[in-house]
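One letter stands for each residue in the lines below.
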Amino acid sequence: MNPHKHEPEKTGEHSLVFIEQIMTFGARKPLISFLFILFISLISGVGLLNLTLDTSYDSMLSNNDPMIPVYNQVIKDFGSDNLVLIHYQADNLFTIEKLKILNEVTNTLQNLEIVENVETLATTLTIRNTHKGLKIDPLVSTPPQTQEDLAIIKDNALYSPLIRGTYLSDDGKKAALIVTLRPTFNEPEFNRNAYESIQQAIKPLEKTFDNVFQMGNPRINVEFERGIFSDLTTITPLAILVLIISIVCMLRTPMAAILPLVTSALSILWALGFLGFYGIPLNLLTAILPALVGESVVLMEIKLPQQGEPLELKPSLLFQPHWHLHQVF
């Protein structure tokens, strides 16, 4: 007989025993297991305090993406693609007071560190065809003093193809500021800070004009962030409720719902704590993690005891060919 014939079987048995020892460690050493879980949970709680949320699209891209250098070179050659459009309107946009406020807001925006350029009616050029040829001048070269000055500015603005449809609507009642922000990549706080800074800078417009609001990546990402937190406060409790009802209906005992909830909560806490420790922000994908609490998997066979018998837990799913749950009434 070959003395090595049964070695593969023995190796397999040793592996199963080793795995069983690991899986049943908590039952054999409950105090040590509890202290270990408590220690990891406390550390994860500290990391959770540093967790940030990044809803920008570039948070989904890898720093090693081969197109990133190409994108950076395009930005270097042609300028930033990070634009914000600020809309405002009034029945008469061209008054001395309104143009003065527009000029002040333009200067405030240009002084922001995140801003590269601001284009408004106060800074744009106008083009006109005259008997001497094309005439290109600033739309507002000097602050207007009379109604005649205002009429000339309005007429030039509505005439110029460079202004109409870009900074001014065809009816002359709606206008826009175009703000170019500096390029950004994987900066979780940039969009929130940019949105708040711009919102603060355009407050004087809100007192004079109607329908003042900003459009662009900063606002989109801030609205995404607010929507995610709002949805999670609704989806997560519903997911937990569905999990509890499902388990109770299958196992017919409320106590059976405790294990999946505890393991799911610990898994989420540890995962979010890990992200916080390593400075990895939540993005549009990982932000749904808490809602996945309803997808917990029970890895233990729960055998409900007869009266007077202790509760028996077995890691049966690892060592039996079929997944099953027993209930004994």
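Structure: see above.
Nothing here was measured: the structure is a model prediction, and the numbers come from that model.

Q: Just to check I follow, could you spell out the pattern of salt bridges for this structure?
A: It is possible for side chains bearing opposite charge to pair when their charged atoms get close. According to the stated counting rule, one finds six salt bridges in the structure shown. Notably, a salt bridge pairs R192 with E225, separated by 2.8 Å at the nearest N-O pair. Within this pair, whereas R192 is found in helix α7 (residues 190–201), its partner E225 is found in helix α9 (residues 217–251), the two being separated by 33 residues in sequence. The same class applies to R192 as to E225, namely buried. As a salt-bridge pair, R219 and E223 come within 3.9 Å of each other at their nearest N and O atoms.

Q: Help me understand the packing of aromatic side chains in this model?
A: Here a ring pair, both rings aromatic, is described through the centre-centre distance and the interplanar angle of the planes. Counted by the stated rule, this structure contains two aromatic pairs. Note on F274 and Y278: the rings are 4.7 Å apart at their centroids and 40° apart in plane angle, and the pair reads as tilted. Judged by its relative accessible area of 60%, Y278 falls in the exposed class.

Q: Would you mind showing me how to read the sheet that holds strand β5 (residues 174–181) here?
A: Strands belonging to one sheet form pairs held by backbone hydrogen bonds; the direction of such a pair is parallel or antiparallel. The four strands lie next to each other as β2-β5-β1-β6, forming an open sheet whose pairing is antiparallel. This sheet does not close on itself; its edge strands, each paired only once, are β2 (115–119) and β6 (210–216). The average undirected angle you get between the axes of adjacent strands in this sheet is 15°. By the bridge criterion, seven bridges tie strand β1 (residues 83–89) to β5 in an arrangement that is antiparallel. Within the sheet, the bridge partner assigned to I86 lies in β5 and is L177. Packing of α9 onto the sheet brings it into contact with β1, β5 and β6, and relative to β6 it is tilted by some 85°.

Q: What am I meant to see in the nonpolar core here?
A: Across soluble globular proteins, you tend to see nonpolar side chains buried next to one another. Core analysis: the biggest nonpolar cluster contains 37 residues, and I86, Y88, L109, L121, L181 and L205 have the highest contact counts within it. Mapped onto this core, the elements with two or more residues apiece are β1, α5 (96–110), β2, α6 (147–159), β5 and α7. Not counting the four nearest positions on each side in its chain, L109 is found in contact with I86, V115, V118, L177, V179, I198 and A201. I268, L272, L275 and L282 belong to the second-largest nonpolar core, a separate cluster that totals five residues.

Q: What is the right way to read helix α3 (residues 30–48) from this model?
A: Helical geometry: 3.6 residues make up each α-helical turn, so side chains three or four residues apart lie on a common side. End to end, α3 covers 26 Å across 19 residues, agreeing with the expected 27 Å (1.5 Å per residue, within 8%). Turning to α3, its buried residues are S33, S41, S44 and G47. For α3, the buried positions fall inside an angular range of 110° around the axis, keeping them on one side. Counted as exposed and oriented over 90 degrees from the buried face of α3: L31, F34, F39 and L42. Against the buried residues of α3 lie α2 (25–28) and α10 (258–277).

Q: Quick question: what am I supposed to make of the packing of α7 against α9 here?
A: In a pair of packed helices, the angle between the axes and the distance between the axes together describe the arrangement. Interhelical geometry of α7 versus α9 gives an angle of 110° and a closest axis separation of 8 Å. The angle between the axes of α7 and α9 places the two elements in the roughly perpendicular class. Note that α7 runs across α9; the crossing there is left-handed. Contacts from N191, R192, A194 and Y195 in α7 reach N217, P218, R219, N221, V222, E225 and R226 in α9. Of the residues contributing to the contact of α7 with α9, the split by class is four nonpolar, three polar and four charged.

Parameters at a glance
- Residues numbered from 1 in each chain as written.
- Predicted model: local features only at pLDDT ≥ 70, side-chain atom pairs only at ≥ 80, totals over all residues.
- Heavy atoms only, no water.
- Salt bridge = Lys/Arg side-chain N within 4 Å of Asp/Glu carboxyl O.
- Helix = DSSP H or I, 4+ residues; strand = E, 2+ residues; numbered from the N terminus.
- Buried < 20%, exposed > 50% of the residue type's maximum accessible area, 1.4 Å probe, protein only.
- Phe/Tyr/Trp six-rings, centres within 6.5 Å; stacked < 30°, edge-to-face > 60°.
- Pairing = 2+ DSSP bridges.
- Axes fitted to C-alpha atoms, helices over the stretch in contact; angles between N-to-C directions.
- Contact = heavy atoms within 4.5 Å.
- Core = buried A, V, L, I, M, F, W, Y, C linked by side-chain atoms within 4.5 Å.
- Expected span 1.5 Å × (residues − 1).
- Arc of directions from axis to C-beta.
- Parallel < 35°, antiparallel > 145°, perpendicular 65-115°, else oblique.
- Left-handed = near helix turned anticlockwise from the far one by under 90°.
- Nonpolar A, V, L, I, M, F, W, Y, C, P; charged D, E, K, R; others polar.

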